[in-house]
Amino acid sequence: MVRRLGELESTIMDRMWATNAPASVRDVLEHLQRERTIAYTTVMTVMDKLHTKGLLKREPVGRAYVYETVSSKEAYTAEVMRDSLSRSGNRAATLVHFIERLTPEEANALDAALQVYPPKGRRS
C-alpha cells in the first residue's frame with residue numbers, strides 16, 4: 001500500500017520534485033521559511049520520515065544528510081492511483097466513474113498517454 005502524504009510532507013516533496021536536485025534540511029528549511037515559520041527539527045523529522053517511506057534517499061555530508069527524490073512526482077502519483085484502483089471492489093466500475101469525471105483536458109491527456117503506451121491486448 002502506498003502511503004499518502006500529509007500536508008507538510010507534500011510541501012517538502014513538491015519542493016524536492018520541483019528543484020530535482022540534492023538538498024539539505026537547511027536548504028528546504030530556508031525555502032519553507034519564505035512562506036511560514038517552521039523549525040529546523042520539524043523539517044528534519046519530516047524529511048527523515050520521507051526517507052523511511054522510500055520517497056527520499058540520502059547521503060551523509062559532514063554531520064548532515066543531503067536528500068534526493070527516489071522517483072518523479074508523476075511516478076509517485078501513478079502509484080497512488082494504482083493503489084487506489086487495486087483496493088476498489090470493482091475495478092471496471094471505478095475506472096468508469098473516473099473517466100466520467102475527467103475534464104476535456106484530462107481526457108485529452110489520457111488519449112495521448114494511451115497512444116504512447118496502449119493497454120495490454122491493444123498493442124499492435
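Above this text is the structure in question.
What you see is a predicted model; the values in this text were computed from it and never measured.

Student: I'd like a description of the layout of surface pockets, backed by residues and values.
Tutor: Volume-wise, the largest pocket comes out at about 830 Å³. What lines the largest pocket is a set of 17 residues, among which M81, L85, L95, F98 and L110 lie closest to the centre. Elements supplying a minimum of two residues to the lining of the largest pocket: α4 (73-86), α5 (91-100) and α6 (104-116). Within the lining of the largest pocket, the residues separate by chemical class into 13 nonpolar, two polar and two charged.

Student: Please give an account of the sheet that holds strand β3 (residues 64-69) that cites residues and values.
Tutor: Sheet architecture is open: three strands sit in the order β1-β3-β2, paired in antiparallel fashion. Edge positions in the sheet fall to β1 (23-24) and β2 (56-61), since each of these pairs with one other strand and no more. Of the pairings in the sheet, the one linking β1 to β3 comprises two bridges and is antiparallel in character. Directly across from S24, in β3, lies its bridge partner V66. Of the strands in this sheet, β1, β2 and β3 touch helix α1 (residues 7-19), which is tilted by about 75° from β3.

Calculation criteria
In every chain, residue numbers begin from 1 and rise along the written sequence. Thresholds applied to this predicted model are a pLDDT of at least 70 for local features of residues and 80 or more for the giving and counting of side-chain atom pairs; totals over whole chains, interfaces and linings are not thresholded and use all residues. Hydrogens and water are ignored here; the side-chain numbers use all heavy atoms of the structure. Throughout, the protein atoms alone are placed on a 1 Å grid, and a set of points is a cavity if a 1.4 Å probe fits but cannot get out or a pocket if it is open with protein on both sides within 12 Å along at least five of seven lines; lining residues have an atom within 4 Å of a point. Grid points are joined across faces, edges and corners, and a volume is the space filled by probe spheres set on the points. Counting from the N terminus, the helices are DSSP H or I runs at least four residues long and the strands are E runs at least two residues long. Note on residue categories: nonpolar means Ala, Val, Leu, Ile, Met, Phe, Trp, Tyr, Cys or Pro, charged means Asp, Glu, Lys or Arg, and polar means any other residue, Gly included. The pairing criterion is simple: DSSP has to find at least two bridges between the two strands. Any pair of residues with heavy atoms lying within 4.5 Å of one another is described as a contacting pair. As a rule, the C-alpha atoms of each element are fitted with a line to give its axis, helices using only the stretch in contact, and angles between N-to-C directions run from 0 to 180 degrees.

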